[in-house]
Every structure is written in C-alpha cells, then in structure tokens.
Amino acid sequence: MVRIVENAYGKSRVRLFKVVRGLTSHEVKDWTVEMLLSGDYASCFTSGDNSSILPTDTMKNAVYSLARDTVANCIEEFALELSDYLLGASVAACSARVEIAEKKWAHIAVGGSLHPSTFQQRDSAVQRTIVANSRSGELRVVSGLRGVVLLKTANSAFEGFITDKLTTLKETSDRLFGTELTASWTYVGNAGLAGVKYEELRETIARTLLETFAKHVSLSVQHTLYAMGEAVLAAVATVEEITLKMPNRHCLLVNLEPFGQNNPNQIFVPIDEPHGSIEARIV
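Criteria and thresholds
Residues numbered from 1 in each chain as written. Predicted model: local features only at pLDDT ≥ 70, side-chain atom pairs only at ≥ 80, totals over all residues. Heavy atoms only, no water. Helix = DSSP H or I, 4+ residues; strand = E, 2+ residues; numbered from the N terminus. Contact = heavy atoms within 4.5 Å. Axes fitted to C-alpha atoms, helices over the stretch in contact; angles between N-to-C directions. Parallel < 35°, antiparallel > 145°, perpendicular 65-115°, else oblique. Left-handed = near helix turned anticlockwise from the far one by under 90°. Nonpolar A, V, L, I, M, F, W, Y, C, P; charged D, E, K, R; others polar. Disulfide = S-S within 2.5 Å. Buried < 20%, exposed > 50% of the residue type's maximum accessible area, 1.4 Å probe, protein only. Salt bridge = Lys/Arg side-chain N within 4 Å of Asp/Glu carboxyl O.

Caption draft 1: Layout of the environment of Met59. Here Met59 is to be found in helix 2 (residues 56–69). For the pair Met59 and Val5, spaced 54 residues apart in sequence, the C-alpha separation works out to 24 Å. If near-sequence neighbours (up to four positions away) are discounted, Met59 is found in contact with Tyr9, Gly10, Lys11, Met35, Leu37, Leu54 and Leu86.

Here is the structure:
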C-alpha cells in the first residue's frame, strides 16, 4: 500500500525589513523567514483536494501583517508569535516550524556620537532561530549563529596524531587556527521558555564562545570546540545543549627557501578547499 508518512509545506525566503521609529532614534530589523506546516494534508497530495490548505501566499502576508503590530523585540519572540498564528489559521496543521535568520545593522558614528537614522551592516555573521510549535503543546526553541569567522595566531597546536605511509602533514606546536563558526543551542523545555530574555542570552553566549576561543590553549580544533561548548553550558543555565561546527580553514606556511629566505611562521597562503570538518553536540 502506498501512503504518505510525512509531509510539510510552507513559504521560504520571505524577506522582511522593518524600521522601528523611536522618538529620538531608529532601529532596523533585517529578517529572512521560512515557515512550514505539517499535518493532515494527505488529500491534497492524493486527490488534489485543497480545502485544508492555507495558501503559502497567505503565510507570506502573515509575516508582514504580524510584523506591523508585533511587540516582539527579537527573532525568537516573533517566531513564537508567527507559529501560534499559523496553527490557529490552519485546522489541519499539527505543527508549525518557523526559522528566522537575522542580519544585524549598527548605527554609524558621526563626530563621536551614533547617528540616529544611519546604519552599517555590522558583520558577516547571521543570527538565527528555529521554533517548532505543535498543537499538542510541545514547543522547542533553537537559536544560533553562523558565519562567525575566527582566527588564532598563537596558542594553537596539532601533534600526536596517527601517521602512516600516506601522512604528509607535519606535527606543529605553533600553527594558525582559522575557522568559520556555526553554533546552535537549545533552550530548556516548555516550562523554562516563559520570560526568557533571548537577546541578552544570545549576547552572553556569543561573548562566551569568542572569549573561550581567544583564551583556550588549543591542542586541536576538537579540543577548543569542546571547551567553547562546555563554557556556554556552564554560563547559561537555560541552555540544555549546544551544537558547534568549526571547519579548519587552513593557512599553509610558504616555503621561502628557494628565495634564500627563512619563514619564521610569518608568511602563509590561505586555502578554502579542501578543509577539515569538525562538529559536536554537547549536553
């Protein structure tokens, strides 16, 4: 017997740019939203019956309409609000999944003061959240960062690894350690989500990750990755697990001997491909 065991539909890459106009200064929100509904939609697939379908165009419009009047101050709060709306608007939906990615903008400084209505996109890092909300009351909030480019020029080594006839990598106690961090963390269950100050916690987590990366004496990417995750779990009680991905973005030492020069760990060539891939989920 042929049957549908899972299904989902929704709208992706819904771009939202909102200007929050305060009395003395403006703020901007630059969000990209994805929404997916799962539920009893089998008849749409099997017989073309659309009577239970909330159009994805309506879902897109909900983003803009809710954004107009929302009191949400961060992507987590808005994702929770949007997921509640979607469950209310589609009787056939059992669950709603909302993912929001945010690019941050900062006020430009003019004459030593922040200009109230002029901005610069802050960096390449993207903040994100995924809210999974179900009609049964189960709720899951996962937030994170991606595109955080980091570099250590000291306190990084890689020694004592397996060697065989194919090994060409040299052991080193002093190497460059570059990576592009992707982090996602899960907040504690339903009871713990009431009153969570997501923006403050995000700043604390980001600061903890960066400070640990800077201070850690690294024996490998794995060694530092674990220390960063461990530090977040120790610093933020409302986070129950964290997943970190840290590819090893290599900078290779250039051989200057053909030019009659030495290279005391100063001249490198950065390469993007291939790169090592390291990740772990820490609880």
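Caption draft 2: The arrangement of the packing of helix 2 against helix 3 (residues 75–89) in detail. In the contact formed by helix 2 and helix 3, the axes pass within 11 Å of each other and the chain directions differ by 130°. Considering their axes alone, helix 2 and helix 3 lie oblique with respect to each other. In terms of crossing hand, the pair formed by helix 2 and helix 3 is right-handed. Facing Met59, Ala62, Val63, Leu66 and Ala67 of helix 2, the residues of helix 3 in contact are Phe78, Glu81, Leu82, Tyr85 and Leu86. Tallied by class, the residues present in the contact of helix 2 with helix 3 amount to 9 nonpolar, no polar and 1 charged.

Caption draft 3: Local environment of the state of the cysteines. Applying the stated criterion across every chain, the model contains 0 disulfides. Residue Cys44 stays outside any disulfide, its sulfur separated by 15 Å from that of Cys94, the closest cysteine. Overall, the relative accessible area of 22% leaves Cys44 in the partly exposed class.

Caption draft 4: Local environment of the pattern of salt bridges. Considering all chains together, one arrives at 13 salt bridges under this definition. Measuring nitrogen to oxygen at the nearest pair gives 2.3 Å for the salt bridge that ties Arg202 to Glu76. In this pair, Arg202 is assigned in helix 5 (residues 198–215) and Glu76 in helix 3, connecting sequence segments 126 residues apart. Among the residues examined, Glu76 registers a relative accessible area of 0% and is labelled buried. Salt-bridge contacts for Glu99 lead to Arg128; the nearest nitrogen and oxygen are separated by 3.0 Å. Of the two residues, Glu99 sits in strand 3 (residues 93–110) while Arg128 sits in strand 4 (residues 113–134), which places them 29 residues apart along the sequence. For the pair Glu99 and Arg128, one class covers both residues: buried. Members of the salt-bridge network, linked through shared partners, are Glu76, Glu102, Lys104, Glu199 and Arg202.

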